[in-house]
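Working through the structure, step by step
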Amino acid sequence: MNKAIERIQQTIEPLRQQIINHKVYSVIEDVEDLQLFMHHHVYAVWDFMSLLKALQNNLTCTSVPWFPKGSADTRYLINEIVIGEESDVDNEGIRKSHYELYLDAMRQAGADTAPMDQFITSLQQNGDLQNSFAAANTPEAARKFVNYTFDVIHSNKDFLQAAIFTFGREDLIPGMFISIVNDMYRAFPDSVSTFKYYLERHIEVDGGHHSQLALQMTANLCGDNEQYWQEAEAAVVQSLQKRLGLWDGIYQKIAKRKELEVVS
């Protein structure tokens, strides 16, 4: 394996373990807790798609007239990932992006998608993230997470985008969370089956085939440039810290809901 990739993996392993073992998973005990989790997490699912398309725009020609752009090998890697993320299939075999599949899971679980719909509508109309956050009353932890992702997108540095895409998102769903969702599914199959399917697809597609493609893409873009690798490592560390912040925010919201239930 590429030594620079191994170095990043060693550097971020403590952060990955903090995310995988985060206390947020231990407080998700029922469908209402899951709804709160999804209300925050959907922003991470959406900005993952935005990061994906930023990479495709930077690494391939997406305008007319068409011209060959960059390395054909790198074009293949990003286009292969885009196909799986933007046009996968749901549990009924219908073509959906992973974001649209997540919204389906939210609706089935009874989570309110109106704030996210408002965010998207506002962003389509004015193109301003902060105004759209305000219009949707986006949770602060989700705002901070998305803001960092878009800072990297707006850097126009494809190697940084690839790095946080590769190391900041994959393989971060712990077995504990899968177990909790499976238990919920057994108790409430009509509320959780789509979310269970989403997680299974995420692990199967994103954590397997796409992980290998993304690693190769990052290696191609950083090449032998040590400065690129150092910047990439720093960006990945920040990305994982933002993920921890998102998980902290979700934990606090769920814990507060439980406290209010006890009081009432």
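Note that residues are indexed from 1 along each chain, following the sequence as it is written. Side-chain atom pairs in this predicted model are given and counted only at pLDDT of 80 or more, local residue features only at pLDDT of at least 70, and totals for whole chains, interfaces and linings cover all residues. The side-chain numbers reported here are obtained from all heavy atoms of the structure, hydrogens and water having been left aside.

1. Quick notes on the overall build of the chain
This is how it is decided: A run of H or I in DSSP counts as a helix once it spans at least four residues, and a run of E counts as a strand once it spans at least two, with each numbered from the N terminus. Radius of gyration: C-alpha atoms only; globule rule: 2.2 Å multiplied by the number of residues to the exponent 0.38. Partly exposed describes any residue whose relative accessible area lies between the buried limit of under 20% and the exposed limit of over 50%, with all areas from a 1.4 Å probe on protein chains only and scaled to the type maximum. The contact definition used throughout considers only heavy atoms, calling two residues in contact when any of these lie within 4.5 Å. Method for areas: the Shrake-Rupley scheme with a 1.4 Å probe, in which residue coverage is limited to the protein chains shown. We score Asp and Glu as negative and Lys and Arg as positive, and we do not count His or the chain ends. We put the charge of a Lys on NZ, of an Arg on CZ, of an Asp on CG and of a Glu on CD.
In terms of helices and strands, the chain carries eleven helices and two strands. Moving toward the C terminus, one meets the helices and strands of the chain in the order α-α-α-β-β-α-α-α-α-α-α-α-α. Radius of gyration (C-alpha) of the chain: 19 Å, near the 18 Å computed for a compact globule of 264 residues. Projected onto its principal axes, the C-alpha coordinates of the chain cover approximately 60 × 40 × 35 Å. For the chain, buried positions account for 52% of its 264 residues. Taking as baseline every contact in the chain between residues at least 6 positions apart, the subset at least 24 positions apart corresponds to 75%. Counting only carbon and sulfur atoms, one obtains 49% of the accessible surface of the chain, whose full area is about 12,400 Å². Taking the 23 positively charged and 36 negatively charged side chains of the chain as two groups, their mean positions are separated by 3 Å.

2. Some thoughts on empty space enclosed by the protein
To keep things clear, this is the line we draw: In this analysis a 1.4 Å probe is tested at points of a 1 Å grid over the protein atoms alone, and where it fits but cannot get out there is a cavity; an open set with protein on both sides within 12 Å along at least five of seven lines is a pocket; lining residues have an atom within 4 Å of a point. Grid points are joined across faces, edges and corners, and a volume is the space filled by probe spheres set on the points. Three categories are distinguished: nonpolar for Ala, Val, Leu, Ile, Met, Phe, Trp, Tyr, Cys and Pro, charged for Asp, Glu, Lys and Arg, and polar for the others, with Gly belonging to the last.
Counting across every chain of the model gives two cavities of 30 Å³ or more. Estimated volume of the largest cavity: approximately 280 Å³. Forming the boundary of the largest cavity are 21 residues, of which H41, R169, Y198, H202 and R243 lie nearest the centre. Mapped by element, the contributors of at least two residues to the lining of the largest cavity are helix 2 (31-59), helix 10 (189-222) and helix 11 (226-263). A total of six residues in the lining of the largest cavity trace back to one element, the largest contributor, which is helix 2. Grouping the constituent residues of the lining of the largest cavity by class yields 14 nonpolar, three polar and four charged. Taken as a whole, the second largest cavity spans an internal volume of roughly 40 Å³. Mapped onto the lining of the second largest cavity, the elements with two or more residues apiece are helix 7 (140-154) and helix 11. The greatest single-element share of the lining of the second largest cavity, amounting to three residues, is contributed by helix 7. Classifying every residue of the lining of the second largest cavity by side-chain character gives three nonpolar, two polar and two charged.

3. Here we look at helix 7
Using the following cut-off: Helix span, expected: 1.5 Å multiplied by one less than the number of residues in the helix.
In this model, helix 7 (15 residues) spans 21 Å end to end at C-alpha, consistent with the 21 Å of a helix rising 1.5 Å per residue. Three or more residues of helix 7 are buried, namely A141, A142, F145, V146, Y148, T149, F150, V152 and I153. Positive phi shows up at N156, right after helix 7, with a value of about 60°.

4. Remarks on the environment of W46
Of note, W46 is situated in helix 2. When its relative accessible area of 11% is taken as the criterion, W46 is described as buried. The spacing of W46 and E100 is 54 residues in sequence and 9.1 Å in space, taken between C-alpha atoms. Ignoring any residue separated from it by four or fewer positions in sequence, one finds W46 in contact with Y99, M116, F119, I120, L123, L129, V146 and F150.

5. Quick word on the packing of helix 6 (residues 129-136) against helix 7
Counted only if it meets this: Here the axes come from fitting lines to C-alpha atoms, over the contacting stretch only for helices, and the angles between their N-to-C directions go from 0 to 180 degrees. Should an angle fall under 35 degrees it is taken as roughly parallel, and over 145 as roughly antiparallel, whereas 65 to 115 is taken as roughly perpendicular and any remaining angle as oblique. Definitions for this section: a left-handed crossing has its near helix turned counterclockwise from the far helix by less than a right angle. A right-handed crossing has that turn clockwise.
Running from N to C, helix 6 and helix 7 cross one another at 160°; their axes reach a closest spacing of 11 Å. Our classification of the angle between helix 6 and helix 7 gives roughly antiparallel. Judged by the twist between their axes, the crossing of helix 6 over helix 7 is right-handed. Along the contact surface, helix 6 presents L129, Q130, F133 and A134, while helix 7 presents R143, V146, N147 and F150. When the residues that make up the contact of helix 6 with helix 7 are grouped by side-chain class, the tally is five nonpolar, two polar and one charged.

6. Side note on unusual backbone geometry
Backbone torsion omega between V64 and P65 reads 5°, so that peptide bond is classified as cis. Mapped onto the elements, P65 comes out in the loop between helix 2 and helix 3 (72-86). Even without being a glycine, N137 presents a positive backbone phi close to 55°. Located in the positive-phi region is N156, a residue other than glycine, with phi close to 60°.

7. Quick look at the packing of aromatic side chains
Defined as follows: Here is the rule: rings of Phe, Tyr and Trp (six-membered ring for Trp) pair when centre to centre is within 6.5 Å. Planes less than 30 degrees apart are stacked, more than 60 are edge-to-face, and the remainder are tilted.
Tallied over the full model, the rule gives 14 aromatic pairs. Pairing Y43 with F119 gives two aromatic rings, centres 5.3 Å apart and planes at 70°, and the pair type is edge-to-face. Separated by 76 residues along the polypeptide, Y43 in helix 2 and F119 in helix 5 (residues 114-126) bring together distant segments of the chain. Side by side, Y43 and F119 carry an identical accessibility label, which is buried.

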